[in-house]
Amino acid sequence: MISDKTLAIYFRSSLLPIFQKSDTNQVAVLVSNEYEGFSKNGGIGTYYTALSKKLREAGWYVILLLCQSEQKFQGESDVPALDCIFSVAEVENVLILQTVHLSILSEAKSDYYYTYQSICSLFFVQALSAAFPDAHIYVEFPDVNAFGYHTIQAKQAGLLPSNCITAVTIHGCFEWVFEANDSLTKDPWLLLTAHREQQSFEKTDLAFFPSHFLKSTVKSYGWKTCQAKHMPYFVPIIFNQINSKIHENPVY
């Protein structure tokens, strides 16, 4: 994470006309490895598909950042609920990155499906905050995979503007997935990923859980959950929570 403003990240000029099509001051960035039509869909994909539709209906400019995908979209979307689509695979094609950024990405590729995805997500959010300087930007991640780890760390460190609001929704962290399949281990990879999932959930601006069972399960792993909001049907209360955070973080 880099604080030097001279090393800010921007979208390439050829992409800017896509963003200029919208005059909205509310931008939602959904970061996920699942979305209906693009992946082998599970509950995460169903959720983000439904959430994107609700956000779009409410007047938000909705961007999907597809993780763990080799597809390249150049921002183009033929999905009615999505104004823009990008994947982490095209980070070097659509963003203006300097040598230090490329070096960070090169090192992260040794853990391509987790660390690399998380750092690419941060770079995209930094570029979007520059592309939409006067908008409220809502960025949501699933807890699984800890895609939001570096973005949330950056927000905590003051490296993202206050008009960026981060959120994490529980879908079933890796500890829970491994335990449910009777395969919980002390593997260093699992421990690191579990730590990042926990840190992301605890440090994000907004945290949501769909079921009290999942909340009690992650609490048993030591997660702090008192800040989390119950969202039994995922979408209905999310707008109240976002609006509350927007009022706490006005754009001047």
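Above this text is the structure in question.
I will try to describe carefully the structure that is included in this document. (Residues numbered from 1 in each chain as written. Predicted model: local features only at pLDDT ≥ 70, side-chain atom pairs only at ≥ 80, totals over all residues. Heavy atoms only, no water.)

Before going further, it helps to spend a moment on the overall build of the protein. Along the protein, the regular secondary structure elements total 10 helices and nine strands. As displayed, the protein has an accessible area near 11,300 Å², and 51% of this comes from carbon and sulfur atoms. (Helix = DSSP H or I, 4+ residues; strand = E, 2+ residues; numbered from the N terminus. Areas by Shrake-Rupley, 256 points an atom, 1.4 Å probe, with all protein chains shown as cover.)

Let's shift gears to the pairing of strand 4 (residues 84-87). Where burial is concerned, the two faces of strand 4 agree: the one with Cys 84 and Phe 86 and the one with Ile 85 and Ser 87 are both buried. Sheet topology note: the strand 3 (residues 61-66)/strand 4 ladder contains four bridges and is parallel. Bridge pairing in strand 4 links Leu 66 to Ser 87. (Buried < 20%, exposed > 50% of the residue type's maximum accessible area, 1.4 Å probe, protein only. Pairing = 2+ DSSP bridges.)

Counting across every chain of the model gives 17 aromatic pairs. Taken together, the ring pairs connect Phe 11, Phe 19, Tyr 61, Phe 86, Phe 124 and Phe 132 into an aromatic cluster. (Phe/Tyr/Trp six-rings, centres within 6.5 Å; stacked < 30°, edge-to-face > 60°.)

Pairing is parallel across the open sheet formed by seven strands, whose spatial order is 4-3-2-6-7-8-9. Strands with a single pairing partner mark the edges of an open sheet, and in this sheet they are strand 4 and strand 9 (229-230). Pairing between strand 6 (residues 136-142) and strand 7 (residues 164-169): six bridges, direction parallel. By the bridge assignment, Tyr 138 is partnered in strand 7 with Ile 165. Along the sheet, helix 2 (residues 43-57) makes contact with strand 2 (26-32), strand 3, strand 6 and strand 7, crossing strand 2 at roughly 170 degrees. (Contact = heavy atoms within 4.5 Å. Axes fitted to C-alpha atoms, helices over the stretch in contact; angles between N-to-C directions.)

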